[in-house]
Amino acid sequence: MVTGKGGTGKTTAAAALALALAAGGRRTLVVEVEGRQGLAQLFDTPPLPYEERRIASAPGGGEVRALAVDVEEALLEYLAMFYNLRSAGRALRRMGAVDFATTIAPGMRDVLLTGKVKEAVTRTRQGHRVYDAVVLDAPPTGRITRFLNVTAEVAGLAKVGPIKTQSDGVMAVLRSPQTAVHVVTLLEEMPVQETVDAVTELRAAHLPVGSVIVNMTRPPLLPEPVLAAGRIDTAELRAGLAAAGLDAKLAPALATEAVEHAERWQVEDDNRGTLTGLDLPTIELPFLAGPVDLGGLYELAELLRPEEVAA
Amino acid sequence: MTRGRNGSAAPQLDLDAVVLDPGTRIVVCCGSGGVGKTTTAAAIGLRAAEAGRTVVVLTIDPARRLAQSMGLTQLDNTPREVAGVDPAKGGELHAMMLDMKRTFDEIVSAHSTPERAEQIFANPFYQSLSSSFAGTQEYMAMEKLSQLRALDEWDLIVVDTPPSRSALDFLDAPKRLGRFLDGRMLRLLLAPARTGGRAYLKVVSASFGLFTRVLTRIIGTDVLRDLSAFVGALETMFGGFRERAQTTYELLKTPGTAFVVVAAPEPAALREASYFVDRLSAESMPLAGMVLNRMRSSGAPKLSAERAEVAADALDESGTHELTAAVLRVHAARARLAAGDRRMRDRFTSAHPEVPIAEVPALSRDVHDLDSLRRIGTAMAG
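Residues numbered from 1 in each chain as written. Chains lettered and ligands numbered in written order. Predicted model: local features only at pLDDT ≥ 70, side-chain atom pairs only at ≥ 80, totals over all residues.

> So what exactly am I meant to see when it comes to the overall build of chain A here?
Helices and strands together make up the secondary structure of chain A, namely 15 helices and 10 strands. Overall size of chain A, expressed as C-alpha extent along the three principal axes, is 80 × 40 × 35 Å. Across the 311 residues in chain A, those meeting the buried criterion constitute 47%. Contacts in chain A between residues far apart in sequence, at least 24 positions, make up 71% of those at least 6 positions apart. (Helix = DSSP H or I, 4+ residues; strand = E, 2+ residues; numbered from the N terminus. Buried ≥ 20, exposed ≤ 12 C-beta atoms within 10 Å, placed from the backbone. Contact = placed C-beta atoms within 7 Å.)

This is the structure in structure tokens:
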């Protein structure tokens with residue numbers, strides 16, 4: 001499970017993780033549930049249907065498939081699979097019943113989505129698991145615990161019956177050591193705060209937290225003492241600019257930029273310290289210039305090897 | 001029309017002309033999540049208040065420290081005056097955080113008898129719907145906006161929109177909820193209760209029979225009973241919900257409203273902004289312009305990234321002026337980011353040349369005090 005505040009790059013991290021886990025001839029499935037077609041944009045493919053499609057090959061012969069789960073389709077599939085109600089399901093959809101059911105009880109929607117993930121995780125063919133790993137591009141940090149805590153969500157609605165049974169089955173997989181919830185963040189105040197909140201909530205709900213993935217990190221460009229002091233010797237800078245054949249009058253403007261760089265680094269370092277306090281494995285991914293493409297995903301996947309991610 | 005600074009081809013957004021105009025009564029800040037909508041709304045509110053207007057800012061989900069800077073420590077649905085605002089021109093700033101569930105409860109109480117309201121509150125479906133339905137927050141934000149407008153205690157209401165995936169949800173969700181509460185499925189469910197069950201079933205035919213059969217099998221009789229009870233209790237309010245959503249929607253089309261689209265120079269944020277601009281224009285809703293947050297710029301724009309890097313390399317090779325080389329690399333990195341941001345902005349402008357833009361520079365720290373909000377206000381004013 002890969003979550004993170006909006007804008008932190010959780011879809012990118014999920015895709016790179018799926019690539020990393022497919023290395024060495026394995027097969028993985030990356031799933032999105034929010035209907036944004038983020039995976040299709042990332043892999044530069046046409047919009048994904050509700051169907052598992054191969055979207056990339058991994059180093060060493062592995063493959064990554066992708067699936068965009070549609071709630072209505074998942075419900076129809078569920079009705080067909082467990083109740084043999086394929087045509088009834090279609091009739092209900094025409095009446096707007098499916099939309100109705102998932103609207104009035106948002107918990108049911110989450111049970112269907114996580115249920116589809118569970119199905120992919122546990123699916124076997126000829127005695128073998130179809131997927132070595134399933135990566136979910138999950139809802140953002142603000143909603144992740146509620147999304148995964150499906151039993152609690154439907155508890156108020158159904159105390160017995162098929163929905164309860166289904167959600168208990170999903171919950172068992174989500175709480176098992178087979179699952180890890182990774183949180184993607186940036187070294188900025190709000191994403192870090194949301195990461196801390198989400199980890200606390202996930203732990204309270206007994207959901208297994210995996211790693212913190214710090215995305216888009218940039219190395220400091222100034223020497224350590226300058227970063228710490230947050231001051232620049234302008235006289236020295238003027239001399240240096242003159243030596244480089246540049247206008248020494250640029251010194252104050254460049255010094256301001258350097259001081260701001262040092263300030264930003266300080267803020268990032270404070271945030272890094274807050275994340276360290278979570279006592280979780282932490283992986284830093286570098287900032288990639290320009291929009292992320294397949295080449296960039298392979299680069300990130302190198303850094304998300306299973307032994308690093310504790311997945 | 002004046003063109004923007006920083007090499008922009010877009011017209012400069014004069015936000016003061018919009019928010020200080022006595023004719024402007026509502027400013028709606030919209031945009032995708034994470035672009036600084038709440039901060040923008042707060043900065044607009046503060047600027048208008050210090051220019052002498054009586055303002056209320058309705059925030060949906062503010063960052064903790066930003067909320068604290070406005071004295072908002074609890075979700076209590078009541079506007080409170082913000083301390084520290086310069087009163088010299090006679091203005092006042094009030095702020096409130098939306099409590100979605102409480103707003104929903106208030107509507108229920110207002111439209112039913114106390115006994116019936118109690119029944120509704122206790123129903124598990126109501127609890128689910130009022131606290132987590134994806135459109136409830138948007139609906140309640142609209143509802144609160146129209147309540148505040150009806151009170152007419154403020155010269156200007158600034159609304160921050162919910163942190164939805166898509167900026168368009170703010171416009172669509174209330175109608176969806178209204179339609180849903182008014183919908184055919186609810187009426188079908190309600191029908192047996194109203195006509196005494198069996199007699200009705202014969203009339204409506206197979207479809208309803210099929211519906212109950214399938215539902216009973218999937219969700220069980222208990223759940224179905226709760227659902228029916230919920231629908232029955234809410235019935236009296238159906239028309240009300242839809243009507244209210246429609247009224248607020250119309251309010252947003254009046255000349256007293258100004259939409260401000262908030263974005264950051266990132267592909268996803270600008271894509272959302274683009275959809276929103278098209279949509280506002282299709283609905284004839286009044287767009288004031290776009291606030292583009294987090295624009296990175298350089299204090300030495302004439303020194304290109306390439307030249308700075310060449311100079312840094314030369315210094316490194318000569319083994320002297322290590323600090324200057326490092327500072328030149330900081331500049332090169334920053335000049336590249338700034339150029340990237342301008343490119344993103346210009347792409348938006350080539351698709352929407354008519355949309356005025358106000359640029360707000362990137363800050364190295366998050367905003368948590370009124371002084372920072374004031375600075376942002378000044379930047380937005382152009």
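> Is there a simple way to explain helix H12 (residues 234–243) of chain A in this structure?
An α-helix turns once every 3.6 residues. As a result, residues three or four positions apart point the same way. Taken together, the buried positions of H12 of chain A are occupied by Leu237, Arg238, Gly240 and Leu241 of chain A. The arc enclosing the buried residues of H12 of chain A, seen along the axis, measures out at 165 degrees, which places them on a common side. Close packing links the buried residues of H12 of chain A with helix H13 (251–276) of chain A together with helix H14 (305–318) and helix H15 (322–351) of chain B. Directly after H12 of chain A, the chain includes Gly245 of chain A, whose backbone phi takes a positive value near 75 degrees. (Arc of directions from axis to C-beta.)

> Hey, could you run me through the domain arrangement of chain A in this one?
In many reports, interface size means the accessible area that the parts give up when they come together. All names here are of chain A. Under the domain assignment, chain A is made up of domain 1 (2–218 + 287–304) and domain 2 (221–277). Here the C-alpha centre of domain 2 lies 42 Å away from the C-alpha centre of domain 1. Counting residues at the interface gives 8 residues for domain 1, matched by 5 residues for domain 2. Among the secondary structure elements, those contributing two or more residues to the side of domain 1 that touches domain 2 are helix H10 (189–204) and strand S9 (209–217). Per element, the largest residue contribution to the side of domain 1 that touches domain 2 is 4 residues, and it comes from H10. Taken together, the residues of the side of domain 1 that touches domain 2 break down into 5 nonpolar, 1 polar and 2 charged. (Domains from an automatic or database assignment. Nonpolar A, V, L, I, M, F, W, Y, C, P; charged D, E, K, R; others polar.)

> Explain the nonpolar core to me, please; I cannot follow it from the model alone.
Side chains of nonpolar character tend, in soluble globular proteins, to be buried together. Residues Ala16, Leu17, Ala18, Leu19, Val30 and Val135 of chain A are the most contacted members of the largest nonpolar core, which totals 75 residues. Sort the elements by how many residues they give to this core and helix H1 (residues 10–22) of chain A lands first, with 10 residues. Setting aside chain neighbours within four positions, we find Ala16 of chain A in contact with Leu297, Leu300, Ala301 and Leu304 of chain A. Formed by 74 residues, the second largest nonpolar core is a distinct cluster that contains Cys29, Leu58, Tyr139 and Ala245 of chain B. (Core = buried A, V, L, I, M, F, W, Y, C linked by C-beta atoms within 7 Å.)

> In this structure, what is going on with the confidence of the model for chain B? I would like to understand it.
A low pLDDT means the predicted coordinates there should not be read in detail. The predicted model of chain B has a mean per-residue pLDDT of 83, with 78% of residues at 70 or higher. In the predicted structure, residues 193–205 of chain B sits below a pLDDT of 50 and forms 10 contacts with residues beyond four places in sequence or in another chain. (pLDDT = per-residue confidence, 0-100.)

> Explanation requested: the domain arrangement of chain B in the structure shown.
Residue and element names in this part refer to chain B. One can read the domain layout of chain B as domain 1 (15–300 + 338–381) and domain 2 (305–337). Between domain 1 and domain 2, the contact holds 7 residues from the first and 5 residues from the second. Broken down by class, the residue content of the side of domain 1 that touches domain 2 amounts to 3 nonpolar, 2 polar and 2 charged.

> Is there a simple way to explain the sheet that holds strand S2 (residues 54–59) of chain B in this structure?
What links the strands of a sheet is backbone hydrogen bonding, and the strands pair in either a parallel or an antiparallel sense. Residues and elements named next belong to chain B. The 8 strands lie next to each other as S3-S4-S2-S5-S1-S6-S7-S8, forming an open sheet whose pairing is mixed. Strands with a single pairing partner mark the edges of an open sheet, and in this sheet they are strand S3 (80–81) and strand S8 (357–361). Pairing between strand S1 (residues 26–30) and strand S5 (residues 156–160): 4 bridges, direction parallel. Residue pairing for S5: Val27 is matched across the bridge by Val158. Packed on one face of the sheet, helix H7 (residues 136–151) meets S1, S2 and S5 and runs near 175 degrees to S5. Those strands touched by helix H13 (residues 267–282) are S1, strand S6 (257–263) and strand S7 (287–295), and its axis lies near 160 degrees from that of S6. (Pairing = 2+ DSSP bridges. Axes fitted to C-alpha atoms, helices over the stretch in contact; angles between N-to-C directions.)

> Would you mind going over the confidence of the model for chain A with me for this structure?
Summarising the model, chain A shows a mean pLDDT of 89, and 94% of its residues fall at 70 or more. Here helix H5 (residues 97–104) of chain A stands out as the element of chain A with the lowest mean pLDDT, 66, in contrast to strand S8 (residues 181–185) of chain A, whose mean of 98 is the highest.

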